[in-house]
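# Examining the three-dimensional arrangement
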Amino acid sequence: LLKRSRASTVVEDIHRWMLISVDLQDTMEIPGESVAARLSRASLSGPKTEETLTKALLGRLGSHGWDPEQFRILAQVVQASSPALPRSERIIKDHTVLMQFIFKSVYSEDQRCHAADIFESVDAMYGCIPKADSDATADVEMWADFQKQADELEKHLTCVEL
């Protein structure tokens, strides 16, 4: 299902994947209810689901790391996981998993695009990085390392922008 996703469909495709991947028999469908709302009621997300999802999405870079569309897809997932959204609406709820996903996306060894070609997507991802004082579940040292990586990414974006 996710292999055929495009930037315009990936968020809805992920919600469908989650419905297919998890048994929702205990969560009755309400007429007119969105897939996201049903998933939220079912409490389907968690670190294991999020890690499986991010691994599958990052795997797309391996054979398509030259295609800027892949970065638009990853940026859509990050934007749908933004800490600015209510937690129940986010695809990736865990700040640690989100940070790892962002940095693995941007700094993947499989990434072969020119910086200018993926600038908008990476800039959108950068805009969703949780703030240093967020309620991250990572240990203090790991969170400090993430913030250093975020500072480096900001410098890289500034260089590309100039």
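Everything discussed here concerns the structure shown above.
A count of helical and extended segments in the chain gives seven helices and zero strands. Each helix and strand of the chain, ordered N terminal to C terminal, gives the series α-α-α-α-α-α-α. Every one of the 162 residues in the chain was classed for burial, and the buried ones make up 43%. Partitioning the contacts of the chain with sequence separation of at least 6, the portion at a separation of at least 24 is 64%. Here the chain displays about 9,400 Å² of accessible surface, and carbon together with sulfur accounts for 51% of that area.

Now for helix 4 (residues 68-79). A rise of 1.5 Å per residue sets the reference length of helix 4, with its twelve residues, at 16 Å; its end C-alpha atoms lie 16 Å apart and thus fit the reference within 8%. When helix 4 is considered as a whole, its buried residues turn out to be Glu69, Gln70, Phe71, Ile73, Leu74, Ala75, Val77 and Val78.

Attention shifts here to the pattern of salt bridges. Summed over the entire model, instances satisfying the criterion amount to three salt bridges. Put simply, Arg16 and Asp13 hold a salt bridge, and the shortest N to O gap is 3.3 Å. With Arg16 and Asp13 both in helix 1 (residues 10-21) and three residues apart, the pair spans about one turn of that helix. When the shortest N-O distance is used, the salt bridge between Glu69 and Arg72 registers 3.0 Å. On the criterion of helical spacing, the pair formed by Glu69 and Arg72 is a turn pair, its members being three residues apart in helix 4. Of the residues examined, Arg72 reaches a relative accessible area of 38% and is grouped as partly exposed.

What counts, and at which threshold
- Residues numbered from 1 in each chain as written.
- Predicted model: local features only at pLDDT ≥ 70, side-chain atom pairs only at ≥ 80, totals over all residues.
- Heavy atoms only, no water.
- Helix = DSSP H or I, 4+ residues; strand = E, 2+ residues; numbered from the N terminus.
- Buried < 20%, exposed > 50% of the residue type's maximum accessible area, 1.4 Å probe, protein only.
- Contact = heavy atoms within 4.5 Å.
- Areas by Shrake-Rupley, 256 points an atom, 1.4 Å probe, with all protein chains shown as cover.
- Expected span 1.5 Å × (residues − 1).
- Salt bridge = Lys/Arg side-chain N within 4 Å of Asp/Glu carboxyl O.

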